Amino acid sequence: QVQLVESGGGSVQPGGSLRLSCAASGRTVSSYSMAWFRQAPGKEREFVATISWSGRTTYYADSAKGRFTISRDNDKNTYLQMNSLGPEDTAVYYCAASPYSSTQYARNYNYWGQGTQVTVSS
């Protein structure tokens, strides 16, 4: 089993930055691809970014490209640096782990955290 716990969410003004963290415990996730998804009120969960088990390959949703950076330290922690935040980024952000290759499809991720709220508002 893998347990994932997100942290780092909060309230920020438009144009601001946040760094989300995802801490894994239980079984090691060093061989898992990791990803961030988000869900805004009244909307479906959507893909944000993913990183391969090695950390060498990353892939972003169009909405995240150029503003967000996903990274990992392989053993336990995955991060999402978010810059130039706007109100459209307001959502609950979820960390997820997959034993398969990096993918944008939520169905391929076996383990999920409980989420951390990000609110962007002036």
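Before any of the text, the structure's been laid out above.
Residues numbered from 1 in each chain as written. Predicted model: local features only at pLDDT ≥ 70, side-chain atom pairs only at ≥ 80, totals over all residues. Heavy atoms only, no water.

Enquirer: Would you mind going over the state of the cysteines in detail, with residue names and values included?
Expert: What the rule picks out here adds up to one disulfide. The disulfide partner of Cys22 is Cys95, and the gap between their sulfur atoms is 2.0 Å. Between Cys22 and Cys95, the S-S dihedral sits near -75°, and the bridge is therefore left-handed. Placement of Cys22 in strand E3 (residues 18-26) and of Cys95 in strand E9 (residues 91-98) is noted, with a sequence separation of 73 residues between them. In this structure Cys22 comes out as buried when scored by relative accessible area, which is 1%. (Disulfide = S-S within 2.5 Å. Helix = DSSP H or I, 4+ residues; strand = E, 2+ residues; numbered from the N terminus. Buried < 20%, exposed > 50% of the residue type's maximum accessible area, 1.4 Å probe, protein only.)

Enquirer: Describe the sheet that holds E3, listing the residues and the values that go with them.
Expert: Reading across from one edge, E1-E3-E8-E7 is the order of the four strands in this open sheet, with antiparallel pairing throughout. Only two strands of the sheet have a single partner each, and these edge strands are strand E1 (2-7) and strand E7 (68-72). Each neighbouring strand pair of the sheet contributes to a mean axis angle of 15°, computed without reference to strand direction. (Pairing = 2+ DSSP bridges. Axes fitted to C-alpha atoms, helices over the stretch in contact; angles between N-to-C directions.)

Enquirer: Pulling in residues and values, what's your account of the pairing of E9?
Expert: If a strand is regular, its side chains alternate between the two faces of the sheet. In terms of burial, E9 is a largely internal element, eight of the eight residues being buried. Of the strand pairs in this sheet, strand E4 (residues 33-39) and E9 are connected by seven bridges, and their pairing is antiparallel. For Ala35, the partnering residue across the bridge sits in E9 and is Ala96. Two strands pair when backbone bridges link them, and E9 and strand E11 (residues 116-120) are joined in this way by three bridges, in the antiparallel orientation. By the bridge assignment, Val92 is partnered in E11 with Gln117. Pairing of E9 with strand E10 (residues 111-112) involves two bridges; the strand directions are antiparallel. Its bridge partner lying in E10, Ala96 is registered against Trp112.

Enquirer: Mind laying out the nonpolar core, listing which residues take part and the relevant values?
Expert: Counting residues in each nonpolar core, the largest one holds 29 residues, and the members touching the most others are Leu4, Met34, Trp36, Leu80, Met82 and Tyr93. Broken down by secondary-structure element, the contributors of at least two residues to this core are E1, E3, E4, strand E5 (46-51), E7, strand E8 (77-82), E9 and E11. Among residues more than four places away in sequence, those in contact with Met82 are Gly16, Ser17, Leu18, Leu20, Arg67, Phe68, Tyr93 and Val118. The next biggest cluster of nonpolar side chains, apart from the first, holds six residues, and it includes Ala35, Phe37, Phe47 and Ala96. (Core = buried A, V, L, I, M, F, W, Y, C linked by side-chain atoms within 4.5 Å. Contact = heavy atoms within 4.5 Å.)

None of the figures reported here should be taken as evidence of function without further support.
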